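Observations on chain architecture
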Amino acid sequence: MLLPHKPIDATCDQIVLRNGDVIEAKVKEVAVNEIRYKKCDRPNGPDYTISKRDVLSIKYSTGEVERFTSGSNSSGTSSSGSSNSYNSPTSPQNDGPRTDPFAIVAISAGGLAIFTGLGSLLLGAAAVVFGALSLARIRKEPNRFKGKGLALAGMVIGIVAAAAILLYVYVI
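Only a predicted model underlies this, so the values are computations on that prediction, with no experimental measurement involved.

**Some words on the pairing of strand E1 (residues 13-17)**
Looking along a regular strand, one sees side chains alternate from face to face of the sheet. Of all five residues in E1, five are buried, a share of seventy percent or more. By the alternation rule, side chains of E1 split into Asp13, Ile15 and Leu17 and Gln14 and Val16, which are all buried. Linking two consecutive strands that pair antiparallel, namely E1 and strand E2 (residues 22-30), is a turn of four residues; a positive phi of about 100° is found at Gly20 within it. Of the strand pairs in this sheet, E1 and strand E5 (residues 55-59) are connected by four bridges, and their pairing is antiparallel. By the bridge assignment for E5, Val16 is matched with Ser57.

**Observations regarding the confidence of the model for the chain**
Low pLDDT means the predicted atomic positions in that stretch should not be read closely. Residues of the chain with pLDDT of at least 70 account for 79%, and the chain-wide mean is 80. Under a pLDDT of 50 for its full length, residues 1-5 has, in the predicted model, zero contacts with residues more than four places off or in other chains. Confidence drops under a pLDDT of 50 for residues 71-94, and excluding neighbours within four residues, the segment shows 48 contacts in the predicted structure.

**Considerations on the packing of helix H2 (residues 119-140) against helix H3 (residues 148-171)**
With their axes 7 Å apart at the nearest point, H2 and H3 run at an angle of 155° to one another. By the criterion of interaxial angle, the relationship of H2 to H3 is roughly antiparallel. Where H2 crosses over H3, the handedness of that crossing is left-handed. Residues Ser120, Leu121, Gly124, Ala127, Val128, Gly131, Ala132, Ser134, Leu135 and Ile138 of H2 pack against Lys148, Ala151, Leu152, Gly154, Met155, Gly158, Ile159, Ala161, Ala162, Ile165 and Leu166 of H3. Class assignment for the residues of the contact of H2 with H3 results in 14 nonpolar, six polar and one charged.

**Side note on the environment of Ala132**
With respect to the element layout, Ala132 can be found in helix H2. Among the residues examined, Ala132 registers a relative accessible area of 38% and is labelled partly exposed. Each C-alpha atom, one on Ala132 and one on Ala151, is 7.2 Å from the other, the two residues being 19 residues apart in sequence.

Each value, and the rule that gives it
Residues numbered from 1 in each chain as written. Predicted model: local features only at pLDDT ≥ 70, side-chain atom pairs only at ≥ 80, totals over all residues. Heavy atoms only, no water. Buried < 20%, exposed > 50% of the residue type's maximum accessible area, 1.4 Å probe, protein only. Helix = DSSP H or I, 4+ residues; strand = E, 2+ residues; numbered from the N terminus. Pairing = 2+ DSSP bridges. pLDDT = per-residue confidence, 0-100. Contact = heavy atoms within 4.5 Å. Axes fitted to C-alpha atoms, helices over the stretch in contact; angles between N-to-C directions. Parallel < 35°, antiparallel > 145°, perpendicular 65-115°, else oblique. Left-handed = near helix turned anticlockwise from the far one by under 90°. Nonpolar A, V, L, I, M, F, W, Y, C, P; charged D, E, K, R; others polar.

Below you can see the structure in the form of structure tokens.
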């Protein structure tokens, strides 16, 4: 059974989501991490925002198409078929460095080492190892990773927890 399609308003933009849905809206702003818009059927309604990661493309009412891909450039294509390439705020290098997962593991293992008995020796050692690996990765790729403080804190807590259990076992 075919459902009738409602006519598309010529002044509306189409936001195409990665899951295939299409939002009929008037785009107000394309920011670094999100898109702000008003729904076409509610022009006096509230502003809505959506994460750029959920958006595949925007087809503007002018016919220009802006695509959001995982690549470093985004391209706008007009209805005449010409293509313009420009640096898009969606490019990964503009998102900045992310926290190194090894730093998170280091601080987590160090924190757990404080609350465990004999396991604190192993968890403390794991915190030191992952902290050292994280510091090496952060030093090697500072534009990709951050979290030096977490890695150092994990290492220090791991050393303290391991030393405390060693003192407890051998001294007492």
